[in-house]
Amino acid sequence: TEQDVGRSSELAYWQGVASQAAGDAAAAHTRWIEATGTKVGISRRGSHDQLSGQQIQLYYQALARRELGNTAEAEASLATVSAAAHDDARLSFSIALALAQAKQYGKAETFFSRALELDPANFDILYNLGLAASHAGHQQRAYEVLQTALQVRPDDVDVLYNLGAI
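No experiment lies behind these values; they were computed from the predicted model shown.

A. How the structure looks around helix α6 (residues 105–118). Taking 1.5 Å of rise per residue, 14 residues should cover 20 Å, and α6 covers 20 Å from first to last C-alpha, within 8% of that figure. Inspection of α6 places Ala108, Glu109, Phe111, Phe112, Ser113, Ala115 and Leu116 among the buried residues, and these make up the whole buried set.

B. Region of interest: the side chain of Glu109. One can find Glu109 in helix α6. Engagement of the side chain of Glu109 in a polar contact is seen with the side chain of His138, the distance being 2.6 Å. Filtering out sequence-adjacent residues up to four positions away, Glu109 remains in contact with Leu129, Ala132, Ala133, Ala136, His138 and Arg141.

C. Expanded view of the pattern of salt bridges. Counted under the stated rule, the structure contains two salt bridges. Among the ionic pairs, Arg65 bridges to Glu73, the shortest N-O distance being 3.4 Å. Overall, the relative accessible area of 16% leaves Arg65 in the buried class. In this structure, Arg141 and Glu109 form a salt bridge, with 3.1 Å as the shortest nitrogen-oxygen distance. Here Arg141, found in helix α8 (residues 139–152), pairs with Glu109, found in helix α6; they are 32 residues apart in sequence, far enough to count as distant. Assessed through its relative accessible area of 31%, Arg141 is described here as partly exposed.

D. Fine view of the packing of helix α7 (residues 123–135) against α8. For the pair α7 and α8, the least separation of the axes is 8 Å and the interaxial angle reads 160°. Between α7 and α8, the angle is such that the two are roughly antiparallel. As for how α7 packs across α8, the hand of that crossing is left-handed. From α7, Phe123, Leu126, Tyr127, Leu129, Gly130, Ala133 and Ser134 reach across to α8, where they touch Gln139, Arg141, Ala142, Val145, Leu146, Thr148, Ala149 and Val152.

E. Broad picture of the environment of Ala89. Counting through the fold element by element, Ala89 comes out in helix α5 (residues 89–101). Taking C-alpha positions, Ala89 is 5.5 Å from Leu118, a pair spaced 29 residues apart along the chain. In this view, Ala89 contacts Ala115, Leu118 and Asp119; residues no more than four positions away in its chain are not counted.

F. How the structure looks around the packing of α8 against helix α9 (residues 157–165). Interhelical geometry of α8 versus α9 gives an angle of 155° and a closest axis separation of 10 Å. Between α8 and α9, the crossing angle belongs to the class labelled roughly antiparallel. In this structure, α8 crosses over α9, and the sense of that crossing is left-handed. When α8 is examined against α9, the residues Tyr143, Leu146, Gln147, Ala149 and Leu150 are found in contact with a partner set consisting of Val159, Leu160, Asn162 and Leu163.

G. Just the nonpolar core, in detail. Judged by nonpolar contacts, the single largest core of 34 residues is most densely connected at Tyr59, Ile95, Phe112 and Val159. Contributions of two or more residues to this core are made by α3 (53–67), α4 (71–84), α5, α6, α7, α8 and α9. If we ignore the near neighbours within four places in the chain, the residues touching Phe112 are Phe93, Ala96, Leu97, Ala100, Ile125, Asn128, Leu129 and Ala132.

H. Structural context of the confidence of the model for the protein. The predicted model of the protein averages 77 in pLDDT, with 74% of residues at 70 or higher. Ranking the elements of the protein by mean pLDDT puts helix α2 (residues 25–37) last with 66 and α8 first with 96. Residue range residues 1–5 is modelled with pLDDT below 50. Its contacts to residues more than four positions away, or to other chains, number 16 contacts. Segment residues 38–50 is flagged for pLDDT under 50; beyond a separation of four residues in sequence, or across chains, it makes 37 contacts in the model.

I. Region of interest: the environment of Gly130. Here Gly130 lies in helix α7. You can call Gly130 buried: its relative accessible area is 0%. Spatially, the C-alpha atoms of Gly130 and Ala142 are 4.3 Å apart, while their sequence positions differ by 12 residues. Residues in contact with Gly130, not counting those within four places in the same chain, are Ala142, Val145 and Leu146.

Each value, and the rule that gives it
- Residues numbered from 1 in each chain as written.
- Predicted model: local features only at pLDDT ≥ 70, side-chain atom pairs only at ≥ 80, totals over all residues.
- Heavy atoms only, no water.
- Helix = DSSP H or I, 4+ residues; strand = E, 2+ residues; numbered from the N terminus.
- Expected span 1.5 Å × (residues − 1).
- Buried < 20%, exposed > 50% of the residue type's maximum accessible area, 1.4 Å probe, protein only.
- Polar contact = N/O pair within 3.5 Å; in protein donor to acceptor, adjacent residues only side chain to side chain.
- Contact = heavy atoms within 4.5 Å.
- Salt bridge = Lys/Arg side-chain N within 4 Å of Asp/Glu carboxyl O.
- Axes fitted to C-alpha atoms, helices over the stretch in contact; angles between N-to-C directions.
- Parallel < 35°, antiparallel > 145°, perpendicular 65-115°, else oblique.
- Left-handed = near helix turned anticlockwise from the far one by under 90°.
- Core = buried A, V, L, I, M, F, W, Y, C linked by side-chain atoms within 4.5 Å.
- pLDDT = per-residue confidence, 0-100.

The structure is reproduced here in structure tokens:
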């Protein structure tokens, strides 16, 4: 089924991450190559349950390409996926996280903002948007967004810490 498409790329990507964490760079490299070229497989339900298998596959292929150092190819894959993200908060959020991890904070801020437009009370989006804005040098925006996050979760120590750091 359509919901079962994309798992192979996702699984290969996370196996590569695990191999990298275990210090096996060769195995990580192999898994990431596998993730970039894996044929459509099976997808898990959960955080991506509304996405098509092709979107899931493209997203994890982009992450794998980034891990392999193929930044231009990774960005091209993320651009393809981002076209579908215009009305999907979770996909925009996932793309933003990938961009933030790649230290592309300005682009991440754009995708977090898009996700926030679609899901304005989501704490995780607010918090990560605040961090991305701060890292992008947009301190006023970071402060305002983190203040909003604090309204959603008044006692969150991470928000309080990051507000204090601005």
